[in-house]
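Tertiary structure, described
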Amino acid sequence: MSGAPPPAASRAPLPASPGPLALLHTSPAHIPVFDALRDEDHPGLDLRHFVAEDLLARARREGPDAVADDVRALLGEAVADGARAVLCTCSTIGAVAERTDAGVPVLRVDRPMAAAAVAAGPRVVVLATVASTLEPTVALVEGEARRAGRRVEVRTVLVDGAWALFEAGDTDGCARAVADAADAVTGADAIVLAQASMTPAQALTTTAIPVLSSPRPGLAAAASAAECRPRPGWTGTGDPGSPWDRRPLR
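Structural notes, computed from the coordinates.

Parameters at a glance
Residues numbered from 1 in each chain as written. Predicted model: local features only at pLDDT ≥ 70, side-chain atom pairs only at ≥ 80, totals over all residues. Heavy atoms only, no water. Axes fitted to C-alpha atoms, helices over the stretch in contact; angles between N-to-C directions. Helix = DSSP H or I, 4+ residues; strand = E, 2+ residues; numbered from the N terminus. Parallel < 35°, antiparallel > 145°, perpendicular 65-115°, else oblique. Left-handed = near helix turned anticlockwise from the far one by under 90°. Contact = heavy atoms within 4.5 Å. Nonpolar A, V, L, I, M, F, W, Y, C, P; charged D, E, K, R; others polar. Buried < 20%, exposed > 50% of the residue type's maximum accessible area, 1.4 Å probe, protein only. Pairing = 2+ DSSP bridges.

Helix packing for two helices is described by the angle between their axes and how far apart those axes are. The geometry of helix α5 (residues 111–120) relative to helix α6 (residues 134–148) is characterised by a closest axis approach of 9 Å and an angle of 60 degrees between their N-to-C directions. Relative to α6, the element α5 lies oblique. The handedness of the crossing between α5 and α6 comes out as right-handed. In this structure, α5 uses Arg111, Ala114, Ala115 and Val118 to contact α6, whose residues at the interface are Leu140, Val141, Glu144, Ala145 and Ala148. Partitioning the contact of α5 with α6 into residue classes produces 7 nonpolar, no polar and 2 charged.

So this is what it looks like as structure tokens:
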């Protein structure tokens, strides 16, 4: 009959629903930022937030590797909760998270931003409000340059006093301090805001130099990962290449 549905075997598979995508934060302030980006760019994406504020404090005191076991445990919780991918939104511990074998893609939020900075030109300035973020971010930008076969010169600027403003709840003051520091940069092809918490400053800058932040491109990459299956032979740890098969899960 013409109105009968096709046999089950011949029906096209339904598209996979995106997520769940877990986000590992070191500040609860990031939750509304990423929820808003999800609503704007990825409606329907199921986000699961995991917040561990102590990880950043310990990583600043003892180095990022000191929190590797705790990061591994949190990633395990996220996967047990059903996450198809995990996005680490803290740049200080991003490399630690990315190299952890969790059985699903684990991405650092700042990698797409670093790739965009390298594509913009060889002179990259990294701005940070926390000193512990500078070294991991410089290493990331340099790694992306090597992967792209490009030359890069990275300079760093620590925005004195901005983090104290952020911790005190003066997010507007922190953003203004970061924007002023960005506007003072010269001789650069791109300015990188190393931490997700610095993103509000992007809208306040007046410099003609591109100012890049990580949340939007990082979430886009993670949303893509949450919709796809790992490529054959991939171990679950992050790498500079494409750690997942771009065919959607069915």
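Glancing now at helix α2 (residues 53–62). Within α2, the full set of buried residues consists of Leu55, Leu56, Arg58 and Ala59. Those residues of α2 hidden inside the fold are in contact with α3 (68–80) and α7 (162–167). With its phi angle positive at about 100 degrees, Gly63 sits one or two positions after the end of α2.

Here the focus is the sheet that holds strand β4 (residues 106–108). In space, the 4 strands of this open sheet follow the order β2-β1-β3-β4, with parallel pairing throughout. Of all strands in the sheet, those bounded by a partner on one side alone are β2 (47–51) and β4. When strand polarity is set aside, the average angle formed by the axes of neighbouring strands in this sheet is 25 degrees. Note that strand β3 (residues 85–88) and β4 share 3 bridges and pair parallel. What sits directly across from Val86, in β4, is Val106. Its contacts with the sheet place helix α9 (residues 215–226) against β1 (21–25), β2, β3 and β4, and it is angled at close to 165 degrees to β3.

This part is about the environment of Ala226. The topology assignment puts Ala226 in helix α9. Judged by its relative accessible area of 0%, Ala226 is buried. Along the backbone, Ala226 and Pro105 are 121 residues apart, and their C-alpha atoms lie at a distance of 7.9 Å.

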